[in-house]
Amino acid sequence: MAITAAMVKELREMTGAGMMDCKKALNETNGNMDEAVEFLRKNGQAKAEKKANRIAAEGLCAVVVSEDNKTGAVVEVNSETDFVAKNDTFKDFVYAVANQAVKSDAADLDAFMAEAWIEDASKTVQDALVEKVAVIGENLKIRRFEKVTAENGCIVSYVHGGGRIGVIVEAETSVVNDAVKEALTNIAMQIAALNPKYVSRDEVSADYIAHEKEILLAQIQNDPKESQKPEKVINGMIEGRISKELKEICLVDQVYVKAEDGKQTVAKYLDQVSKEVGATVAVKKFVRFETGEGLEKKNEDFAAEVAAQMNA
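Because the structure is predicted, anything quoted here is derived from the model rather than measured. All residue numbers refer to position in the chain's written sequence, counted from 1. Since the coordinates come from a predicted model, pLDDT governs what is reported: local features require at least 70, and pairs of side-chain atoms require 80 or more to be given and counted, while whole-chain, interface and lining totals use all residues. Here the side-chain values reflect all heavy atoms present in the structure, with hydrogen atoms and water set aside.

## Considering the packing of helix H9 (residues 178–194) against helix H12 (residues 266–277)
Phase 1 of the analysis: Geometry is summarised by axes, namely lines fitted to C-alpha atoms with helices restricted to the contacting stretch, and by angles between N-to-C directions that run from 0 to 180 degrees. Numbering goes from the N terminus for both helices and strands, where a helix is a DSSP run of H or I of at least four residues and a strand is a run of E of at least two. Running from amino to carboxyl end, H9 crosses H12 at an angle of 170 degrees, the nearest separation of the two axes being 10 Å. By the angle between their directions, the pair H9 and H12 is classed as roughly antiparallel. Along its contact with H9, which presents Ala179, Val180, Ala183, Asn186, Ile187 and Gln190, the element H12 presents Val266, Tyr269, Leu270, Val273 and Val277.
Phase 2 of the analysis: When grouped by side-chain class, the residues that make up the contact of H9 with H12 number nine nonpolar, two polar and no charged. Under this scheme an angle from 65 to 115 degrees is roughly perpendicular, one under 35 degrees roughly parallel, and one over 145 degrees roughly antiparallel; angles in between are oblique. Note on contacts: a residue pair qualifies if any of its non-hydrogen atoms lie within 4.5 Å across the two residues. Any residue that is not Ala, Val, Leu, Ile, Met, Phe, Trp, Tyr, Cys, Pro, Asp, Glu, Lys or Arg is counted as polar, Gly included; the first ten are nonpolar and the last four charged.

## Quick word on unusual backbone geometry
Phase 1 of the analysis: Its identity as a non-glycine residue notwithstanding, asparagine 30 has a phi of 55 degrees, on the positive side.
Phase 2 of the analysis: Here asparagine 30 is to be found in the loop between helix H2 (19–28) and helix H3 (33–42).
Phase 3 of the analysis: Its identity is not glycine, yet asparagine 69 carries a phi of approximately 60 degrees, on the positive side.
Phase 4 of the analysis: Relative to the elements of secondary structure, asparagine 69 occurs in the loop between strand S1 (58–65) and strand S2 (71–79).

## Structural notes on the nonpolar core
Phase 1 of the analysis: Membership of the largest hydrophobic core comes to 27 residues, with the highest contact counts inside it found for Val169 and Ile187.
Phase 2 of the analysis: For this core, the element with the most residues is H9, which contributes seven residues.
Phase 3 of the analysis: Sequence-distant contacts of valine 169, that is, excluding residues within four places in its chain, are made with Cys154, Ile155, Val156, Ala188, Ile191, Val283, Lys285 and Phe286.
Phase 4 of the analysis: Only buried residues count toward a nonpolar core, which is a set of Ala, Val, Leu, Ile, Met, Phe, Trp, Tyr and Cys residues joined through side-chain atoms within 4.5 Å. In this scheme, a residue with accessible area under 20% of its type's maximum is buried, one over 50% is exposed, and one in between is partly exposed, where area comes from a 1.4 Å probe on protein chains only. Val64, Val94, Ala101 and Ala128 belong to the second-largest nonpolar core, a separate cluster that totals 26 residues.

## Focus on the sheet that holds strand S7 (residues 165–172)
Phase 1 of the analysis: Whether two strands pair comes down to DSSP finding at least two bridges between them. Spatial ordering of the open sheet is given by S6-S7-S8, a layout of three strands whose pairing is antiparallel. If you trace the sheet from one side to the other, it starts and ends with strand S6 (153–160) and strand S8 (282–290), each paired once. Taking the axes of each pair of neighbouring strands and ignoring which way they run, one obtains an average angle of 15 degrees across the sheet.
Phase 2 of the analysis: Of the strand pairs in this sheet, S6 and S7 are connected by eight bridges, and their pairing is antiparallel.

## Quick look at helix H10 (residues 206–221)
Phase 1 of the analysis: What a helix should span is 1.5 Å times the count of its residues minus one. With 16 residues, H10 extends 22 Å between its outermost C-alpha atoms, agreeing within 8% with the 22 Å of an ideal straight helix rising 1.5 Å per residue.
Phase 2 of the analysis: Regarding H10, the residues found buried are Tyr208, Ile209, Glu212, Ile215, Leu216, Ala218 and Ile220.
Phase 3 of the analysis: Elements in contact with the buried residues of H10: H3 and helix H11 (231–249).

## As for helix H8 (residues 125–136)
Every α-helix winds through 3.6 residues per turn, so residues three or four apart in the chain are directed the same way.
Phase 1 of the analysis: Under the 1.5 Å per step criterion, the end-to-end length of H8 is 16 Å for twelve residues, consistent within 8% with the ideal 16 Å.
Phase 2 of the analysis: Along H8, the residues classified as buried are Val125, Ala128 and Leu129. When H8 is viewed along its axis, its buried side chains cluster within an angular range of 100 degrees and face the same direction.
Phase 3 of the analysis: Next to the buried residues of H8 lie helix H6 (88–102), helix H7 (109–114), strand S3 (116–117), strand S4 (120–124) and strand S5 (140–149).
Phase 4 of the analysis: Looking one or two residues past H8, glycine 137 carries a phi angle of roughly 80 degrees, positive in sign. Here, the arc refers to the directions that run from the helix axis to the C-beta atoms.

## Description of the sheet that holds S1
Phase 1 of the analysis: Here three strands make up an open sheet; going across it, the order is S1-S2-S5 and the pairing antiparallel. For this open sheet the edge positions go to S1 and S5, each flanked by a neighbour on one side alone. Direction aside, the axes of adjacent strands within the sheet are offset by 15 degrees on average.
Phase 2 of the analysis: Here eight bridges tie S1 to S2, and the two strands are oriented antiparallel to one another. Looking at the pairing, valine 63 lines up with valine 74 of S2.
Phase 3 of the analysis: In this fold H6 packs onto S1, S2 and S5, with an angle of close to 140 degrees to the strand it touches most, S2.

Given below as structure tokens:
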């Protein structure tokens, strides 16, 4: 497969690796982008997070929590332009979609789109979307939703950047008061800022750990100095790096962003809150949506567009 400059540029933006390294990776993997990312990681030239964190599409996330704080839903609705994303008509529609989601029993997006629209039962959610596209004059897409219900506790939410990030947190607690809600809102802010992948290490699969160890071993083997170290030392290095990574991706192991000493973990913060309110407060689940996560924005070349129109 011919490796183009555009492919090299895309891989470089995804990984932060050098241009020649990207070209080599694409050649080695016959142009397969995912395999090229893996190749660069194994050679220590890219980070796993780079690809997943590329945010490109426009739109908004919205969150709605029920009055009894037992149910919450977060949705993402995409638009073509940032201009529309800031439009009040679009904002109102996204909130209405979130309000639909918190009351929905749909198991997937197809079922959700087929439901009766909460603001007019004679229409479906899909019908409401089509009408809104006609009004706004731009393609819109309800991309995803997730609903969470707390059986033994409460739901809190946090929206960052005017809707760029939406977070809901489910907590188990026998006490639900202002102090608990404030503490959990702080946790939701932590999730928005540091983007953990799991609540705790208990959720991390053995396959994930094995894969990361494989990557780390390959990095060590590709380093002339480190590869000469005894096997026992190498294994210790791998375990140490895995432990460090888990502290970054597991919520309760992260350093609490508001910690005065800069050392208190989220787990220790929750222990502190539990003592203060006289009941155990534990995070059971969280959902974090970021607008455009994993999507590619259309690369528009205005000059090329004008030239094409002139030549048409």
